[in-house]
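Residue-level listing of the chains:
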Amino acid sequence: SLLAALLLEQAARCFGSIRGVPMLRKYAFHLILAGYRYISSAQRKHAVRAYTAALEVYRQRGWTHIEDHVHFTLARNCATLGHIDR
């Protein structure tokens, strides 16, 4: 599952770095999928990094349900890691 997380994150980076018009929604979605896989692989620091990067795409888009999910998941993982100040 860790390998899947790494490959999903790499795919996200590819979507985000396309010349011309990057595919930002696919970039963010694949980061969320990678973050989920990181959580199931007990790699919470990597999950927080992936979710934080995805949040930058979803922020201020009006997609409140997605923002709520990302904020909730980030808060839960930061609390588990002991990073309450983030």
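Relevant structure appears above.
Described in the following lines is the structure provided in the data block. In this text the structure is predicted, and so the values were computed from the model without any measurement.

### What about unusual backbone geometry?
- Even without a glycine there, the phi angle at Ala42 is positive, about 60 degrees.
- Along the chain, Ala42 turns up in the loop between helix H2 (24-40) and helix H3 (44-58).
- The phi angle at Gln60 is positive, at roughly 60 degrees, despite the residue not being glycine.
- Mapped onto the secondary structure, Gln60 falls in the loop between H3 and helix H4 (64-81).
- Gln60 sits in the exposed class, given a relative accessible area of 73%.

### Some thoughts on the environment of Asn77
- Here Asn77 shows up in helix H4.
- Note on Asn77: relative accessible area 1%, which makes it buried.
- In the structure, Asn77 is positioned 38 residues away from Ile39 in sequence and 8.4 Å away in space, judged by C-alpha atoms.
- Sequence-distant contacts of Asn77, that is, excluding residues within four places in its chain, are made with Ile39, Arg44 and Val48.

### So, the packing of H2 against H3
- It is the contact of H2 with H3, at a shortest axis distance of 8 Å, that shows an interaxial angle of 160 degrees. In terms of their interaxial angle, H2 and H3 are classed as roughly antiparallel. Crossing of H2 against H3: the hand is left-handed. In this structure, H2 uses Leu24, Arg25, Tyr27, Ala28, Phe29, Leu31, Ile32, Gly35, Tyr36, Tyr38 and Ile39 to contact H3, whose residues at the interface are Arg44, His46, Ala47, Arg49, Ala50, Tyr51, Ala53, Ala54, Val57 and Tyr58.
- Here the residues of the contact of H2 with H3 are counted per class, giving 16 nonpolar, two polar and three charged.

### Here we look at H4
- Between its first and last C-alpha, H4 extends 25 Å over 18 residues, near the 26 Å set by a 1.5 Å rise per residue.
- Buried within H4 are the following residues: Glu67, Val70, Thr73, Leu74, Asn77 and Cys78. Burial along H4 is one-sided: seen end-on, the buried residues are contained in an arc of 135 degrees. Turned more than 90 degrees off the buried face of H4, the exposed positions are Thr64, His65, Asp68, Phe72 and Thr80.
- Those residues of H4 hidden inside the fold are in contact with H2 and H3.
- Phi turns positive one or two residues past the end of H4, at Gly82, with a value near 85 degrees.

Definitions and limits used
Residues numbered from 1 in each chain as written. Predicted model: local features only at pLDDT ≥ 70, side-chain atom pairs only at ≥ 80, totals over all residues. Heavy atoms only, no water. Helix = DSSP H or I, 4+ residues; strand = E, 2+ residues; numbered from the N terminus. Buried < 20%, exposed > 50% of the residue type's maximum accessible area, 1.4 Å probe, protein only. Contact = heavy atoms within 4.5 Å. Axes fitted to C-alpha atoms, helices over the stretch in contact; angles between N-to-C directions. Parallel < 35°, antiparallel > 145°, perpendicular 65-115°, else oblique. Left-handed = near helix turned anticlockwise from the far one by under 90°. Nonpolar A, V, L, I, M, F, W, Y, C, P; charged D, E, K, R; others polar. Expected span 1.5 Å × (residues − 1). Arc of directions from axis to C-beta.

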